[in-house]
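# Observations on the three-dimensional arrangement
The primary structure of each chain is shown beneath.
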Amino acid sequence: MLPGLAAAVAAHRCSWSSLCRLRLRCRAAARGPSDRQEWQNLVTFGSFSNVVPCTHPYIGTLSQVKFYSTNVQKEGQGSQTLRVEKVPSFETAEDIGAELKAPLKQEPLQVRVKAVLKKREYGSKYTQNNFITGVRAINEFCLKSSDLEQLRKIRRRSPHEDTESFTVYLRSDVEAKSLEVWGSPEALAREKKLRKEAEIEYRERLFRNQKILREYRDFLGNTKPRSRTASVFFKGPGKVVMVAICINGLNCFFKFLAWIYTGSASMFSEAIHSLSDTCNQGLLALGIRKSVQTPDPSHPYGFSNMRYISSLISGVGIFMMGAGLSWYHGVMGLLHPQPIESLLWAYCILAGSLVSEGATLLVAVNELRRNARAKGMTFYKYVMESRDPSTNVILLEDTAAVLGVIIAATCMGLTSITGNPLYDSLGSLGVGTLLGMVSAFLIYTNTEALLGRSIQPEQVQRLTELLENDPSVRAIHDVKATDLGLGKVRFKAEVDFDGRVVTRSYLEKQDFDQMLQEIQEVKTPEELETFMLKHGENIIDTLGAEVDRLEKELKKRNPEVRHVDLEIL
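Computed from a predicted model, the values in this text were never measured in an experiment.

## Looking at the environment of valine 181
Residue position: valine 181 is located in helix H8 (residues 171-182). Placed 40 residues apart in sequence, valine 181 and phenylalanine 141 show a C-alpha to C-alpha distance of 9.8 Å. Among all residues touching valine 181, those that are not within four sequence positions of it are Leu143 and Asp147.

This is the structure:
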């Protein structure tokens, strides 16, 4: 029986299912007394379940059998691993019997537990590790400078370009100090309320004092030195606007005199045209003055868009005041034609207007050409993209003024030759149509600028390549470069940093011997946590320093870029 059993085992190669079927066949074959005795001996010494553990093993041949167990991972426990066991080969039935008679070896279960850092629950609001500046500590927690001297001081990288680092305090230390000074949160809240009321009262007094000071200056004269705001009207677009205001004001005065003397509809349209130009250029001067003001907390990016706003209002004013009144007077002249007096004085005034408007137009053209050359753009492209809105308005208004003078003079000449006043009314309609086209162009271009227009694709490509060529940057995504006006650009991009380069940059500044000593001293999970937190925070600071370095490099190589926002991807 046993030799047959050994042969069957060798034939089935001891797979688990084969061994199970083999046991059933052995039971069915044990019919005789001798067979039953042999089977009982087999059961007495041990069954095959003692040889093959019930861990779902993968079994090879009988001569070289290994048992493997899958890892069982449970939350809060380590991994359980069974030792690999090699089963000796069996050649004869006597070997099998001897093996079965041998006492079973109880192998110890080897368990390997993984050390897992316990997850911390911070809650929805956690400010214990926040830093706070000295100014905020004094204002928000009602402390004095002497109170801060007793607290821990931490030097951090400064977010401002003019300073390298500055001192901050732990918010938890400041809160504890404020409670020590004021005794309770309720007392601190009462003190904050009192200080808020005092601040409101101070602002009211300051407003009243500023009003009294302005009245005093108006009465005695302002002897303050010329400010930067006034100096903008002596160069660039400000100079062009002031020249246009003076010339158009004189033209408006003389054209109204000519219209009163002659009653010409074309002359009335030209007088209204000069009046609208003068008023609109006054708006442009106001926009230029406002655009150079220093940014404040309410307007952190400054007031440069005021030039576009004033140009937009100017375009609307040209359409309503210039084109509207010219069309109205022209239509009334067609419906109720009236004879025109001598046009000699009107011709003289128109000739003078042509010369003066031409001179203003020449000043505007020269200024735009100079600016376009500085930007590396063609004159036409610079004008169409409204890069200098104030000068653009002067250019278009003076161009329309020159063409309007030509149209008015032509129509008045036809009226003088034919004696038909309808030509004069048609001239008024022509001037109104010309003003309507100019106003539509100004409204469109300045609206596009106010909506947030991108800079030139070549500039965007140059900025992007500068970042991508840096070794710490892997890729650049979602690039946005917006023209803020006055040659200022805001650049924003999502940056994918190379963590290996940033980490290497940090390691280059470290003492490797000291770091190796710290690593060798790590024996427990708590010491490992302390080591990783220390260097992890320093690596994050290194990443922030890399961002600051890239921003400064962009501004240095591209002076027009004033605001850079690099977001870590």
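So that's the structure; there's more coming.
## Side note on the packing of helix H13 (residues 306-335) against helix H16 (residues 389-418)
Across the interface, H13 lies against H16 with an axial gap of 9 Å and an inter-helix angle of 25°. Between H13 and H16, the crossing angle belongs to the class labelled roughly parallel. Residues Arg307, Tyr308, Ser311, Ser314 and Ile318 of H13 pack against Pro389, Ser390, Val393 and Glu397 of H16.

## Let's talk about the environment of isoleucine 539
Within the secondary structure layout, isoleucine 539 lies in helix H21 (residues 525-557). Not counting residues up to four positions away in its chain, the partners in contact with isoleucine 539 are Val502, Thr503 and Tyr506.

## What to know about the pattern of salt bridges
According to the stated counting rule, one finds 21 salt bridges in the structure shown. Residue arginine 549 is joined to aspartate 470 by a salt bridge in which the shortest nitrogen-to-oxygen separation is 3.0 Å. Note that arginine 549 is positioned in helix H21 and aspartate 470 in the loop between helix H18 (457-468) and strand E9 (473-485), a separation of 79 residues in sequence. Accessibility expressed as a relative area gives 34% for arginine 549, which makes it partly exposed. Overall, aspartate 470 belongs to the buried group, its relative accessible area being 11%. The salt bridge involving lysine 534 is made with glutamate 518; its shortest N-O contact spans 3.1 Å. Of this pair, lysine 534 sits in helix H21 while glutamate 518 sits in helix H20 (residues 512-520), and the two are 16 residues apart along the sequence.

## With respect to the sheet that holds strand E7 (residues 154-157)
Read across the open sheet, the three strands follow the order E6-E8-E7; overall the sheet is antiparallel. Single-partner strands in this sheet number two, and they are strand E6 (131-133) and E7. Across the sheet, the mean angle from the axis of one strand to that of its neighbour is 55°, orientation sign disregarded. Where E6 and strand E8 (residues 165-170) come together, three bridges link them in antiparallel fashion. Looking at E8, one finds that phenylalanine 131 is bridged to leucine 170.

About the criteria used
- Residues numbered from 1 in each chain as written.
- Predicted model: local features only at pLDDT ≥ 70, side-chain atom pairs only at ≥ 80, totals over all residues.
- Heavy atoms only, no water.
- Helix = DSSP H or I, 4+ residues; strand = E, 2+ residues; numbered from the N terminus.
- Contact = heavy atoms within 4.5 Å.
- Axes fitted to C-alpha atoms, helices over the stretch in contact; angles between N-to-C directions.
- Parallel < 35°, antiparallel > 145°, perpendicular 65-115°, else oblique.
- Salt bridge = Lys/Arg side-chain N within 4 Å of Asp/Glu carboxyl O.
- Buried < 20%, exposed > 50% of the residue type's maximum accessible area, 1.4 Å probe, protein only.
- Pairing = 2+ DSSP bridges.

Shape is all these values report; function is a separate question.
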